[in-house]
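Inside the fold
Listed here are the chains, written in short residue letters.
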Amino acid sequence: MASPVPRSASGGRDGIYHKEHGPSPPRLRPIRSLPDVCPKEPTGEGRSLCNGPSVVAEHDRWTVYSSKVNLPAALNDPRLAKRESDFFTKTWGLDFTEMEVMPSFYLPNITREHFGPYLQEMSQRERIHERCKTICPNKDDVDAVSSITNYDKSRAELEQVPKIFMKPDFALEDPATFNTVLPWSHFHSAGGKSIRDGASSKLLQEKLSHYLDVVEVSIARQISLRSEAFFHAMSSQHELQDRLQETQQAVAILRSRTAAMDRVMCQGPLWALRSSLTRNNCVKLHNKLKLMAAVHQTQPTVQLLLSTSEFVGALELITTTKEVLQQELQGIHSFRHLGSQLCELEKLIDKMMVEDFSMYARSDLSRSLKEEPQVLEKERLESLVFGLLRQRKLDFLDIYSDEMIIAARSIVTQCVADSVVLIEQIDTEVTFKLADQMRLMTFPQWFELLKNIFECFLLFLQRIKATLNVIRNVVLEVLVSNQKSRLPAEASSGKSGQEASQGPLVLQGEAELAYLTHEGLFISDALNEAQQQQEAGSVGQDQNSTVGFRTQTGRVETADTDPPSGVTEVSASFVSSENMMPTELELNCVISSIQDLLYKASDVSHDRCVKVLTARAKDGSLERLNSTEFVSLSQAVEGFVRDTEELCGRTRLSLRGELQNQAKRFVHRFHEERKNKLGLLLDNERWKQAEVPAEFQDLVNSIADGKITLPERKTPGPDDRKPAEFLLVDGQKYAVVGTVLLLIRIFLEYCQCVNDIPSIATDMLTRLSDLLKHFNSRSCQLVLGAGALQVVGLKTITTKNLALASRCLQLVVHYIPIIRTHFETKLQPKQFSVLRHFNHITKDYNDHIAEISAKLVAIMDSLFEKVLSKYEVKAPMPSACFRNVCKQIAKMHEAIFELLPEEQMQMLFLRINASFKMHLKRQLARLSVINDGGPQHGLVVVDVAFYTENIQALKSLERLDLNMVEIWEQKR
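Since the structure is predicted, the reported quantities are computational estimates derived from the model, not experimental observations. (Residues numbered from 1 in each chain as written. Predicted model: local features only at pLDDT ≥ 70, side-chain atom pairs only at ≥ 80, totals over all residues. Heavy atoms only, no water.)

**A closer look at the overall build of the protein**
The number of helices and strands found in the protein is 30 helices and four strands. Buried positions account for 34% of the 972 residues belonging to the protein. Look at the contacts in the protein between residues 6 or more apart in sequence, and 77% of them connect residues 24 or more apart. Split by element, the accessible area of the protein, about 60,000 Å² in all, is 55% carbon and sulfur. (Helix = DSSP H or I, 4+ residues; strand = E, 2+ residues; numbered from the N terminus. Buried < 20%, exposed > 50% of the residue type's maximum accessible area, 1.4 Å probe, protein only. Contact = heavy atoms within 4.5 Å. Areas by Shrake-Rupley, 256 points an atom, 1.4 Å probe, with all protein chains shown as cover.)

And the structure:
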């Protein structure tokens, strides 16, 4: 059913349209229904439901579709206070405001006047068009109205037919359907037929005939509507048959011509191509057979190479054979087990190479160190290393490391055994252990053994370094060859990529002939082979590869085509082994492992030497060495460490650490011996002035010349100089006791040890500080503390003892800066903090010297207090009291005059004079004697003059200002 077309009843100006009915058109247009935009609802007719509102029938009724939406109301934001804002504020915010756009200067200003001529021209055409539309109705509209009318009429007639006849499952065989259509129960009564039944039957027959007529009319009407399409289809069918006949004839002609072309132009060339392909296949087969014969001889050739230890050649042959099996002989039944056999053979070669390298390392490291060359069988070593690298057996250095450790142990054992054989005192049948045998040796014997061990280990390290240099050179050669081969490979890969991109363009025209009809032969392979044969000569290349492989296996045979001169065994083996070699990263790791192995060799050598030292020092024999012996030991160890560092390029601390430990024990024993010796000397010291032998004077002179060392001992002779009374140091005389002379020699021994063993400078400085402190404290106990009375048996501590002790302390103080400077040259800058001990020692010694001076003054002070307390101012003059004082002062001066220098004498007697004046002043004040020029004043002046005369008469005190005026009270 066609959709109705609205027509204007009054010329289309009032805008109201009505549906017009006309005669039925000869054919109907397809029905176009409105879209389903709302749920289905009744339209007022009880017969059916409509899919939506009808534009024709329900135009005047208001439905939900009649509602309209105000677009400005929908675009405005109801949340805004001002309704005049546009909808852009909803998206872009309240701050969005419209702004006036300035007109473009490049566009003209268009007004309505510009459209005036066009509107005048088109207005009259529009009026004519509207008038024609009113006068001449549209044919489609008339046809649509008539078709709608006929459709409604036929639909009404069809609705008279019962629905049961329209069901798809309608069948009279069904009793229920039959009874419904023909209700026979109304036609048969109990007694037989009647007139009523006949009338009912006739009525039913007429009704069914009427139904039939209605259906036939409807069918006829539908046929008439579609008659045009039916006749069009029939005419198209005839035309199609004619075209098919023409096509059949054209195909027959084409096939006959194609067969003629095939017979005349294609069969001959195809036969030539097939013959060429057959010939190429035969040549390839022949080459394959020769290649198979060469591969068949692989295992005997490998065994022959292994018998001569040619591991690299055997591996190259196995690799090449495996490549041939995978690339050119893949799938051949007779060689199905050869690949696995070659893999097993390759594993066997790996084991043989590892065992051979182990035997080489063992024989190289266990041979004599002094006679044979450094590198044993250099070519064999290079071959083994290259083979191991090729098989990626990168752990072969671990084997060499294990053999190296075993060889280092055997070196010590052999050296000890060689030394023990020469010593008759050691019985090897009783003493089995090496450590016990070394402890039974004397120090010279053991020291010679140690130097021999050092020499052997240096030769051992030199041999290892030479061997590792050979291994490193092989690894570097492989690394360089890999780098050189990688560059041409990258360049060739770039060229092959370009050729591959151009290849499809060259063969594109020939690839279109993919399939030929003759015998169904697919000859794209033949075309490709022909193209390759024309360009590169593939047959010759196959023969070249075969001959190259046969040349590598060692079987020289004659082929139909000679290979080019560039194919050699070396190039083939290099190409085949290129992919087997380790990467650059792995090779660099091997090089670093070689350097680490050299470091490890140095570490092992040092560790074995450390065990030799610890075995000797187990019973404390190294601690009991004298300084000369220990210095020689230290120098030997330092020399060995220095040589190994130069040889291996690495600093090792184990041997130095062990030497440092032994040095600490030596320093401790060295210090304890000298401290005990100094203690014994002090305990036996009687604090009397000792004579100074010439050797001690020479020792002091050498110190003054800057030589802080012990001079060599001289054998005593008849022409030796006599001992001196004083020790001359920088022009000053020092009266000393014998202990101080030995103390000077002792701290020179400390300095000499530091010269010989700089590593113990810190410990030795601490011990020397302790020794100086011990001397200071012990001398203080013996002299000031009067300990010498009980220890030595002195009757009393005299002023001479005190002055002599003070002078000895001053001599030690004189040498402390010199010792400090010497130690400062042996210390590292970060160790300078330990030098503060000398500052503390100097302060302690100066305090001790000041205490001795105070003690001397205190002795005279107690004398003055005792004597002057009995002083009386009366004749005769000078008084006995002043004579006694002058006598005691003269005794003291006589006792210490030769011991102390002039400056110290003057300072001491000034302090004594001050004490005398204090006590005299106090006594005069007690006696009420003042300087009034009276008799008592005159008597005191006489005594003071006598005192002044006696004091100034003493040596070195002539110019001493006594200032005796201070004894009188100042007048106020």
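**Quick notes on the state of the cysteines**
This model, assessed by the stated rule, comprises zero disulfides. The cysteine C886 is free of any disulfide, with C881 supplying the nearest cysteine sulfur at 9.5 Å. Residue C886 is classed as buried on the basis of its relative accessible area of 7%. (Disulfide = S-S within 2.5 Å.)

**Some thoughts on a negative patch on the surface**
A cluster of acidic residues, E691, E725, E894 and E898, forms a negative patch on the protein surface. Relative to the elements of secondary structure, E725 occurs in the loop between helix 22 (694-704) and strand 3 (727-729). (Patch = residues over 30% accessible without salt bridge, like charges linked within 9 Å, V, L, I, M, F, W, Y side chains within 5 Å. Salt bridge = Lys/Arg side-chain N within 4 Å of Asp/Glu carboxyl O. Lys, Arg positive; Asp, Glu negative; His and termini not counted. Charge placed at Lys NZ, Arg CZ, Asp CG, Glu CD.)

**A look at a nonpolar patch on the surface**
On the surface, a cluster of nonpolar side chains totalling about 420 Å² of accessible area is made up of I110, F115, Y118 and L119. Locating F115 in the fold gives a position in the loop between helix 2 (88-92) and helix 3 (116-135). Residue class for F115 comes out partly exposed when judged on its relative accessible area of 46%.

**Quick look at the nonpolar core**
Ranked by size, the top nonpolar core spans 193 residues in total, and within it W446, F460, L633, F823 and Y947 carry the most contacts. Ranked by residue count, the leading element in this core is helix 14 (residues 443-506), at 20 residues. When sequence neighbours within four positions are dropped, the list of residues in contact with F823 reads C751, V754, A761, M764, L765, L768, L835 and F838. (Core = buried A, V, L, I, M, F, W, Y, C linked by side-chain atoms within 4.5 Å.)

**Looking at the pattern of salt bridges**
On inspection of all chains with the given rule, the structure shows 13 salt bridges. The closest approach of N and O atoms between R674 and E673, which form a salt bridge, is 3.6 Å. The buried category is assigned to R674, whose relative accessible area is 15%. For E673, a relative accessible area of 40% corresponds to the partly exposed category. Ionic pairing is found between R778 and D683, a salt bridge with its closest N-O pair at 2.7 Å. Within this pair, whereas R778 is found in helix 24 (residues 761-782), its partner D683 is found in helix 21 (residues 654-683), the two being separated by 95 residues in sequence. The exposure class assigned to D683 is partly exposed, which follows from its relative accessible area of 23%. Ionic contacts of the salt-bridge type, sharing partners, join the residues R669, E673, R674 and E749 into one network.

**Some remarks on helix 20 (residues 627-648)**
The terminal C-alpha atoms of helix 20, which comprises 22 residues, lie 31 Å apart, in line with the 32 Å expected from a rise of 1.5 Å per residue. Downstream of helix 20 by one or two residues, G649 has phi in the positive range, about 75 degrees. (Expected span 1.5 Å × (residues − 1).)

**So, the packing of aromatic side chains**
Per the stated rule, a full pass over the model turns up 17 aromatic pairs. Seen from their ring centres, F454 and F640 are 4.4 Å apart, and the 10 degrees between their planes marks the pair as stacked. A residue pair is termed long-range when its members are at least 10 positions apart, and F454 in helix 14 and F640 in helix 20 qualify at 186 residues. Residues F454 and F640 agree in their burial class; the two are buried. On the numbers, 6.3 Å between centres and 80 degrees between planes, the contact of F457 with F460 is edge-to-face. Here F457 and its partner F460 are both found in helix 14, three residues apart, which amounts to about one turn of the helix. The same class applies to F457 as to F460, namely buried. Ring pairs connect the aromatic residues F864, Y871, F882, F916 and Y947, which therefore count as one cluster. Over the ring of F670 we find R674; its NZ or CZ atom is 3.5 Å from the centre of that ring. Against the face of Y734 rests R807, its NZ or CZ located 3.9 Å from the ring centre. (Phe/Tyr/Trp six-rings, centres within 6.5 Å; stacked < 30°, edge-to-face > 60°. Lys NZ or Arg CZ within 6 Å of the ring centre and 35° of its normal.)

**Focus on the environment of Q205**
Topologically, Q205 is positioned in helix 6 (residues 195-225). Residues Q205 and L182, spaced 23 residues apart in sequence, show a C-alpha to C-alpha distance of 9.8 Å.

**Thoughts on unusual backbone geometry**
With an omega of 0 degrees, the peptide bond running from A875 to P876 counts as cis. When you line up the elements, P876 lands in the loop between helix 27 (836-868) and helix 28 (880-896). Here the amide bond leading from M877 into P878 is cis, since omega sits at -10 degrees, within 30 degrees of zero. The backbone of W687 sits at a positive phi, close to 55 degrees, despite the residue not being glycine. If you check the backbone angles, N963 has positive phi at about 55 degrees while not being a glycine. Here N963 shows up in the segment after helix 30 (935-952). By relative accessible area, which is 34% here, N963 ends up partly exposed.

**Some words on the packing of helix 21 against helix 23 (residues 738-756)**
Put simply, helix 21 and helix 23 touch, their axes get as near as 10 Å, and they point 175 degrees apart. Compared by their axis directions, helix 21 and helix 23 come out roughly antiparallel. Of the residues in helix 23, those touching helix 21 at F666, F670, H671, R674, L678, L681 and L682 are T739, L742, L743, I746, E749, Y750 and C753. Of the residues contributing to the contact of helix 21 with helix 23, the split by class is ten nonpolar, two polar and two charged. (Axes fitted to C-alpha atoms, helices over the stretch in contact; angles between N-to-C directions. Parallel < 35°, antiparallel > 145°, perpendicular 65-115°, else oblique. Nonpolar A, V, L, I, M, F, W, Y, C, P; charged D, E, K, R; others polar.)

**Some words on the packing of helix 19 (residues 584-617) against helix 21**
Angle between the axes and distance between the axes: these two values describe a pair of packed helices. Orientation of helix 19 relative to helix 21, taken along the N-to-C sense of each, is 15 degrees, at an axis distance of 8 Å. Taken as axis vectors, helix 19 and helix 21 run roughly parallel relative to one another. For the element pair helix 19 and helix 21, the recorded crossing hand is left-handed. In contact with H606, D607, C609, V610, L613, T614 and A617 of helix 19, helix 21 contributes S654, L655, E658 and Q662. Looking at side-chain class alone, the contact of helix 19 with helix 21 contains five nonpolar, four polar and two charged residues. (Left-handed = near helix turned anticlockwise from the far one by under 90°.)

**Some thoughts on the side chain of S915**
On the secondary structure map, S915 appears in helix 29 (residues 902-927). Under the relative-accessibility criterion, S915 is labelled buried at 7%. Contact partners of S915, with chain neighbours within four places excluded, come to D861 and F864.

**As for the side chain of N913**
Relative to the helices and strands, N913 is located in helix 29. Those residues in contact with N913 that lie beyond four places of it in its chain are Y947, L962 and M964.

**With respect to the environment of I349**
Mapping I349 onto the fold places it in helix 10 (residues 338-366). Taking relative accessible area as the criterion, I349 reaches 0% and is therefore assigned buried. Each C-alpha atom, one on I349 and one on L315, is 7.8 Å from the other, the two residues being 34 residues apart in sequence. Leave out the neighbours within four places in its chain, and I349 touches V302, L306, F311, A314, L315 and I318.

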